[in-house]
Amino acid sequence: MKRLFPLLLIALLMSSCGQADVGEQVNTEDTIATLVAATLNAIPSNTPLPTGSPPPAQPSETPLPTSTPITPSPTPTLTHTPSATPTFTPVPGDPRDTLGIPTLEDTFKNSDNWSPYDSNRSKLEIKDGKMTLTAYKADNSEYWGISWPEVENFYLEYTGTFGDTCKGKDRFGMIFRAPKTSEGYNKGFLFTVTCDGHLRLYAWDGEEYTILQNWKKSEYIKSGPEAVNRIGIKAKGNKLTGYINGHQVVTKSSNLFTEGRFGAFIAAAETPGFSVDITRVSYWKLP
């Protein structure tokens, strides 16, 4: 029986401009304000860990201005309940169709794999078979939550639905290969899709962004309010390959982060109260 330990990642607001690999300066208007992580986590000392897992992180708290204290949920038990058959049209080369049974899958039915919270900036709620992320302020700040385990080579996939109101660069996505630091899990790669049909792949090192793929329009992104998208990342060695609804859309190489945990994030660029419903999180461990 595998266990997935939730880690809630709440961040302090910072702004930064990333640089493309080829040295291209990111436009000032494309700058993103980021919430850098302060981790609240608590794992009961008597909870057994899976063989080969890292020791539990010690509870810690970094004071946050105008933040609401969060009580982590109990240590969850991972279940492998088969999920509903995807309604997406089969795509040649779609990793979901070629990798077999996921190593881990969460469809948010009786799930304790994430820690619900409600602060004055964002909210995470699990109810009725979905995890809903909400960003209250349209300030481009990114809010994310991190979950165990730590993985190196994998394919990770989320199915998410934009809220009933969204526009422009309102977005959601995944953070992955987030390493443990003295400040928590405040670094990693990020892959995102926007309400207006753009994708982006970048890295955050705790101080600034490195842009691997800047904003790129994709015909495979279903845009607009209530659109459903399946986003995925295959990470093997230094090669990162992004997928949208089964279609390969970006391939980049980076050695910035080689392993770490993964999570989900949201950011509102134009819509206060922008939300997204995530109905499935799956990952496949790769050799």
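This write-up is about the structure you can find in this document. (Residues numbered from 1 in each chain as written. Predicted model: local features only at pLDDT ≥ 70, side-chain atom pairs only at ≥ 80, totals over all residues. Heavy atoms only, no water.)

1. Section: unusual backbone geometry
- In this model, Phe 108 sits at a positive phi of 60°, which is unusual for a non-glycine residue.
- Looking at where Phe 108 falls in the secondary structure, it is placed in the loop between β4 (104-106) and β5 (117-118).
- The class of Phe 108 is buried, set by a relative accessible area of 2%. (Helix = DSSP H or I, 4+ residues; strand = E, 2+ residues; numbered from the N terminus. Buried < 20%, exposed > 50% of the residue type's maximum accessible area, 1.4 Å probe, protein only.)

2. Section: the environment of Val 276
- Take Val 276: it is sitting in strand β18 (residues 274-285).
- Placed 141 residues apart in sequence, Val 276 and Ala 135 show a C-alpha to C-alpha distance of 9.2 Å.
- With sequence-adjacent residues up to four places away left out, Val 276 is seen in contact with Met 131, Thr 132, Leu 133, Gly 160, Thr 161, Phe 162, Gly 163, Phe 172 and Ile 266. (Contact = heavy atoms within 4.5 Å.)

3. Quick word on a negative patch on the surface
- A grouping of Glu 183, Asp 205, Glu 207 and Glu 208 is seen on the molecular surface, where their side chains present a negatively charged patch.
- Here Glu 208 is to be found in the loop between β12 (198-204) and β13 (209-217).
- Residue class for Glu 208 comes out partly exposed when judged on its relative accessible area of 41%. (Patch = residues over 30% accessible without salt bridge, like charges linked within 9 Å, V, L, I, M, F, W, Y side chains within 5 Å. Areas by Shrake-Rupley, 256 points an atom, 1.4 Å probe, with all protein chains shown as cover. Salt bridge = Lys/Arg side-chain N within 4 Å of Asp/Glu carboxyl O. Lys, Arg positive; Asp, Glu negative; His and termini not counted. Charge placed at Lys NZ, Arg CZ, Asp CG, Glu CD.)

4. Here we look at the packing of aromatic side chains
- For the structure on display, the rule yields ten aromatic pairs.
- Taking 5.5 Å as the distance between ring centres and 40° as the angle between the ring planes, the aromatic pair formed by Tyr 155 and Trp 284 counts as tilted. A residue pair is termed long-range when its members are at least 10 positions apart, and Tyr 155 in strand β9 (residues 154-162) and Trp 284 in strand β18 qualify at 129 residues. Grouping residues by exposure puts Tyr 155 and Trp 284 together as buried.
- Each ring, one from Phe 162 and one from Phe 172, has its centre 5.7 Å from the other, and the planes form 75°; the classification is edge-to-face. Linking Phe 162 in strand β9 with Phe 172 in strand β10 (residues 171-178), this pair joins segments that are ten residues apart in sequence. (Phe/Tyr/Trp six-rings, centres within 6.5 Å; stacked < 30°, edge-to-face > 60°.)

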